[in-house]
Amino acid sequence: MNRRTILTGGAVGALAVVLPVSADGAPQPGALPDDAEIYSVPTADPLISQRADPWITRPVNGTYYFTGSVPEYDRLVVRGAPTIDGLATAEESVIWRRPASGKMGGHIWAPELHRIGGKWYIYFAAGDSDDVFRIRTYVMESALDDPRDPAGWVLKGQLATEWEGFTLDATSFTHKGKQYLVWAQSEPEIAVNTSLYIAEMANPWTFRSKPTRIATPTKSWEIIGFKVNEGAAVLIRNGKVFITYSASATDANYCMGLLTASASSDLLKRESWTKSPDPIFVSNEKTKRYGPGHNSFTVAADGKTDVLVYHARDYKQITGDPLYDPNRHTRVQKLYWHEDGTPLFGIPVGSGGPIVRLSPSDRPRSFVKHVGDAFQVAHAPRELELTQFRFVKAADGTETVQSVDQPTKFLVVSGTTVSLGATGTPVTRIAARGGGVNIRVAPGQFLHHRNGQLTVAAKATAFRLS
Amino acid sequence: MRRIPYRLAGAAAVLVSLPLAVSPPVVAYAAEPDYTITVDPAATGAAIPKSMYGVFFEDINYAADGGLYAELVRNRSFEFNATDAAGYHGLTAWTVAGSAAVTNDDQRLNERNRNYLTVTGATGLTNAGYNTGLAVARSEHYRFSVWARAGAATSLEVALQTADGTALSAPLKVTVSGDMWKKYTGTLRATATSDAARLTVRTSGSARLDEISLFPRDTYQGRANGLRKDLAEKIEALKPGFVRFPGGCLVNTGDMYQYTAANNYPRARSYQWKDTVGPVETRATNKNFWGYNQTYGLGYYEYFQFSEDIGAMPLPVVPALVTGCGQNRATVDEALLQQYIQDTLDLIEFANGATTTTWGKLRADMGHPKPFGLTTIGVGNEENLPEEYWANFLKFEAAIKAKHPDMVVVSNSGPDDQGSTFENLWAKNRAHGSDMVDEHYYNSPAWFLQNNRRYDAYDRNGPKVFLGEYASLDNKLYNSLAEAAYMTGLERNADVVKMASYAPLLANIDNVQWKPDMIWFDNDESWGSTSYQVQKLFMNNVGDKVLPSTATGAVAQPKPITGAIGLSTWRTAAVYDDVKVTRPDGTVLFSDDFGDGNADGWTSVTNRGNWAVTGGGYTQTTTDTEDTMVKAATISETDYDYTLKATKTAGAEGFLVAFGIKETGQFYWWNLGGWNNTQGAVEKGITSAKEQILTKPNTVTTGQTYDLKVQVRGTKVTLILDGVEWASFDDNGVTEPFAQVVTEDTKSGEIIVKVVNAQDTPAVTKIDLGGRKVARTAKQTVITGDPGEQNTRSAEPILPVTSTVGGIGSTFTREFPANSVTFLRIRTR
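This structure is a prediction, so every number in the text was calculated from the model and none was measured.

Examining the overall build of chain A
Move 1: Looking only at helices and strands, one finds two helices and 34 strands in chain A.
Move 2: Computed over the C-alpha atoms, the radius of gyration of chain A is 24 Å, within 12% of the 23 Å expected from 2.2 N^0.38 for a compact globule of 466 residues.
Move 3: Within chain A, buried positions represent 48% of all 466 residues.

Below you can see the structure in the form of structure tokens.
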């Protein structure tokens, strides 16, 4: 790709990086935005290879801890690092290995690490050696400060569910002083693989209430290959309790759904929960990320940016049983929020640098969005991925603006028309007076917002990046 | 879905599909409605009998012992044995600390209560009850009783406790006095609530014990030897018009002889009503057809009493010496037949006879001097030997009618909605002029939506129909919607269909032999399925006469049979070879002769069986595995021939050749050598069950290679076996997702409009009540939700919602939600 075909003044662009100029051409002091700082979330993708069902804690005493399923399904591992990035290379501690025979000698799946009442707990699912799919949920406890230390871990036993059966993917959360467990289980009357249940806990390994089913696979996207609701993760924000979960077989059909309850409702009542009719996170052919799901949530180093942690493969075709294809890799990306307080998941963003969204200063709640190959400025759009872009730097210091959901396409300027195309127009970002950036597409020509349209004019619009 | 008008000959206009945005239910609809319902201004429809809808109680899924029968002690009389179920023995559910032996000798409590327990020395006995234990509630009272005798003074200490021995009641002290069988009673009061309690009986010394029993004092209507309150009340709330009992396959399967010494006390017997009456400690025990023990503590008296208590007509079913239910056997014994006929006459005497008669006196002795008012009796259930059954039925019917000319005697038409047995028996019943014919069928929801008009075509002057067992094959809302749609057709045909009952009624969640079921329970909770909610809505809003109505609107046309091809086996090893799918012109779409030594392209559907390519063929070698389906080659064309060679190498059955396999799990298969190599069939599989499209006798010979060909032409399929047409069918039913019936409740002066919308879009519907003057408001009850949801112990997301709605008139428009049943009760003015 030659991004320089319509470039007339590369030197100007290079200069601009060094010495920003304002819309009227006068040099301005002030720093250009740091996209990585805006995005706030590591862009290494994958973050960790061959770790599925990833769980990253919020930082505890300055350390992020990671656990997840290993392809051998034979052990529990924990990593720790001061940053999310650091988990990629952190040494992995094996805190438990399955016994050679008997109970818990089968598949070991989807551990989660929780800090409850000053102790560490791991919920994990285990089959038996003579029936690796006789999956039940077990609880481990460690009183040590460092969950990586194998010496601290003690098995508390099998979670005694209301009825015996295939049980996995327990996750714990506290809300209004009560501790809850959400997990996946098969229920005898229901001809599906697993549904999702919630119950209040008396302690991390003992139920206080009976289980309430809050979701069962009913939608077409939840029942492909296997009829599954599993891998729940809880996020409480904006007066709501959100539970993401994963559905269908663990191939490219795997995807995520969303349950929502009011934070003031009785979470043990079925009617408190609403299932979103469509999946909220699915495979993407353009970014080549397949079967995204079994997520967890953590928070970025800034302490406020929510981070979506999930696994996905980067190929669609699997030879043999997807369960034994080892390449579900741990990935992280930024979780966004709509102004109405609901989460925006977008798409698996794939490889590339930090991602930004552009809001014109005259419409701070709107975002630059592409619709097909055209551009517009839209108020609080729900299609997050259409508003996500990467500024890709060229050697000369100019940048092209790459679409996240159409990564082979870039912002192209032709006359006053702005569109998406294969060969991006080099642009230069210039710190704008009063904040944000002006985006120069040619000498004296800038991206300009007018009445929801994105065009090119001599008068620059300042765009806030978020 | 193509929109075509139907049922209104003159309605030529093709309705346009409307983009139905979410709109409030009562608005002025500018656009054309999706559907119309037009009630005839003048015509009178069928009268609907009070018995229109009822319940079918069978002791399946622990419906009686461990279910409706409130006894908390399991195996109270030490009668369990290995004939009932593998692993059962005289002390099943009991643990003994000390010395106790199940004894079968002439010191027994009663001739037909064969076993008792001999305790030697101080001994503790603990009963674990059903499910997780005995369910007890804090402060509730429990009635204990035991039959006992002891040579020396022995006392019993009786208490409730947890599994680990924590007391759940104060102990009850019983002193056994004398070495003669005597009944001792007392009451326990639970000090805490538990669903895992144990009953303990500690003896101070040696004793003989039998009939160790514990009932909640709070049984349904407080009756002794009574019923579990929550379950009985759930049944009562249905307001059933009748109770069919005691089965089902339970009635007429197993040994036909009596529980006597001469017959060596046969254990797996037919349901002989006299075994089930009189004091409970004198009643015989039996193996239940569904694989467990039945105490008969819940017997004929209790059935009659319960029917009376809930205001339902009793409808007993008696065995006729012929079995269906997989046993398919006739017992030819003229004396026994005469005895069975006499038993049936005696049953009528037990129900209706004067207290001066032998059996009427027993009824009175048991506590009910007044007659039970038996008017209708069923003879036989699902017999698969139509000739043998029919010969016996005629004798039963003649004997009953000779003594009781007004008694309605119900015949049946076998175990399915079609097929040779069905046709044969219906022909016999029609020719004979039977009162009523009992039909049974369990089918896919699609079948119910395609067969709304089944009874429109029945002879109005022929035998009446009793739809004694039916259900759509799963427990999801969608199944219940299909049943609801079908029920509108039953009601519309109330002049032919006189009674209908969903089946089965009850299921103990930990002991399920059959599902779907209407009411589910464990030891301390019960919950209604979505079908329970639908049945309850229909049964509580029947009306007494049909107001004829017609509807127009969209229907769904049949789709051609496309999808993957497959191979399977059922407890059979087989070799398949030369698999080919071709267009009618011979173009090959798929072929695999397995000559390359591998089965690339084939994937397992069920993850069962042991498939490998050996000797140039695709072999499945296990003989203990059911449905080992593998599939290949998704066929998207509508016309194709699927050919293969099949050879059985070992096992119980034959071949399963699948086609039209969808990702959703739906498929068809050609079943050869099914039912233990007695019958062939085409079955249509859905998520968790199969319905039979056609059946005919068929066997497969081991070692013989068969040429099989499935010729698919759209919806029409021809099956060719060794070059000869074996059968054909056309799965071309039109699906009607929208169904309605309008009835009138003369007494309350209400019109009841019943609308079922079994599809994912709302139905804006214009309703014309034929000029009738009505109130402007109506009482509306709606059952709606996610069609894939179901009600279970962990959540009941589908419950009826009742409200008062406006906008009603002699013509009005309403929007019926997607996937809903709506009843509108409208007062006439």
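Still to come is the rest of the account.
Some remarks on the interface of chain B and chain A
Move 1: Taken residue by residue, the interface counts 17 residues in chain B and 13 residues in chain A.
Move 2: For the side of chain B that touches chain A, the residue count by class is five nonpolar, seven polar and five charged.

Thoughts on the packing of helix α4 (residues 334-352) of chain B against helix α6 (residues 386-403) of chain B
All names here are of chain B.
Move 1: Where α4 meets α6, the axes come as close as 10 Å, and the angle between the chain directions of the two elements is 40°. As judged from the angle between their axes, α4 and α6 are oblique. For the crossing formed where α4 meets α6, the hand is right-handed. Residues Leu337, Ile341, Thr344 and Leu345 of α4 form the contact with α6, whose participating residues are Asn392, Lys395, Phe396, Ala399, Ile400 and Lys403.
Move 2: When grouped by side-chain class, the residues that make up the contact of α4 with α6 number six nonpolar, two polar and two charged.

Here we look at helix α1 (residues 229-237) of chain B
Residues and elements named next belong to chain B.
Move 1: When α1 is considered as a whole, its buried residues turn out to be Leu231, Ala232, Lys234 and Ile235. Down the axis of α1, the buried side of the element spans an arc of 160°, and every buried residue falls inside it.
Move 2: Directly beyond the C-terminal end of α1, a positive phi value near 55° is found at lysine 239.

Some points on the sheet that holds strand β3 (residues 75-81) of chain A
All names here are of chain A.
Move 1: An order of β1-β2-β3-β4 is seen for the four strands of this open sheet, with the pairing classed as antiparallel. Two strands in the sheet have a free side with no partner beyond their single neighbour: β1 (52-56) and β4 (93-97). Going across the sheet, the axis of each strand differs from the next one's by a mean of 20°, ignoring polarity.
Move 2: Where strand β2 (residues 64-69) lies against β3, three bridges are found, and the strand directions are antiparallel. What sits directly across from tyrosine 65, in β3, is glycine 80.

A short note on the sheet that holds strand β18 (residues 290-299) of chain A
All names here are of chain A.
Move 1: The strand order across the open sheet formed by three strands is β18-β19-β20, and the pairing between neighbours is antiparallel. Each having just a single partner strand, β18 and β20 (329-334) make up the two edges of the open sheet. Strand-to-strand twist in this sheet, taken as the mean axis angle between neighbours without regard to direction, amounts to 30°.
Move 2: Here strand β19 (residues 306-313) runs beside β20; their pairing, made up of six bridges, is antiparallel.

As for the environment of leucine 76 of chain A
Move 1: In this structure, leucine 76 of chain A sits in strand β3.
Move 2: Leave out the neighbours within four places in its chain, and leucine 76 of chain A touches Thr67, Ile95, Trp96, Ile108, Pro111, Ile122 and Phe124 of chain A.

A look at the confidence of the model for chain B
Move 1: Mean pLDDT over chain B stands at 93; residues scoring 70 or higher make up 96%.
Move 2: Contacts for the low-pLDDT stretch residues 1-27 of chain B, under 50 throughout, to residues beyond four places or in other chains number 39 contacts.

Points about the pairing of strand β38 (residues 705-713) of chain B
All names here are of chain B.
Move 1: The pairing of strand β33 (residues 639-651) with β38 spans nine bridges and is classified as antiparallel. What sits directly across from tyrosine 642, in β38, is valine 710.
Move 2: If you look at the hairpin formed by β38 and strand β39 (residues 716-721), you'll find two residues sitting between the two strands, and glycine 714 has a positive phi there, around 70°.

Considering the confidence of the model for chain A
Move 1: Residue-level pLDDT values for chain A average 93, and 94% of them are 70 or greater.
Move 2: Counting contacts from residues 1-27 of chain A, a segment whose pLDDT is below 50, to residues more than four positions away or on other chains yields 49 contacts.

Describing the environment of tyrosine 130 of chain B
Residues and elements named next belong to chain B.
Move 1: The residue tyrosine 130 is located in the loop between β4 (116-127) and β5 (134-136) in this model.
Move 2: It is 15 Å that separates the C-alpha atoms of tyrosine 130 and alanine 85, two residues lying 45 residues apart in sequence.
Move 3: If we skip the residues at most four places from it in the chain, tyrosine 130 touches Tyr62, Gly66, Arg74 and Asn523.

Describing the environment of threonine 784 of chain B
Move 1: Looking at the secondary structure, you find threonine 784 of chain B in strand β44 (residues 774-784).
Move 2: By the C-beta count within 10 Å, which is 19 here, threonine 784 of chain B ends up partly exposed.

Here's the deal with the nonpolar core
Move 1: Among the nonpolar cores identified, the biggest contains 177 residues, and Leu68, Val243, Leu481, Ala485 and Leu505 of chain B are the most heavily contacted of them.
Move 2: With nine residues, helix α9 (residues 477-492) of chain B is the single largest residue contributor to this core.
Move 3: When neighbours within four sequence positions are excluded, leucine 68 of chain B is seen to be in contact with Ala63, Leu227, Arg228, Leu231, Ala232, Leu298 and Leu506 of chain B.
Move 4: With 113 residues, the next largest nonpolar core counts Ile56, Ile243, Phe297 and Ile430 of chain A among its residues.

The rules behind each value
Residues numbered from 1 in each chain as written. Chains lettered and ligands numbered in written order. Predicted model: local features only at pLDDT ≥ 70, side-chain atom pairs only at ≥ 80, totals over all residues. Helix = DSSP H or I, 4+ residues; strand = E, 2+ residues; numbered from the N terminus. Rg over C-alpha atoms; globule rule 2.2 N^0.38 Å. Buried ≥ 20, exposed ≤ 12 C-beta atoms within 10 Å, placed from the backbone. Contact = placed C-beta atoms within 7 Å. Nonpolar A, V, L, I, M, F, W, Y, C, P; charged D, E, K, R; others polar. Axes fitted to C-alpha atoms, helices over the stretch in contact; angles between N-to-C directions. Parallel < 35°, antiparallel > 145°, perpendicular 65-115°, else oblique. Left-handed = near helix turned anticlockwise from the far one by under 90°. Arc of directions from axis to C-beta. Pairing = 2+ DSSP bridges. pLDDT = per-residue confidence, 0-100. Core = buried A, V, L, I, M, F, W, Y, C linked by C-beta atoms within 7 Å.

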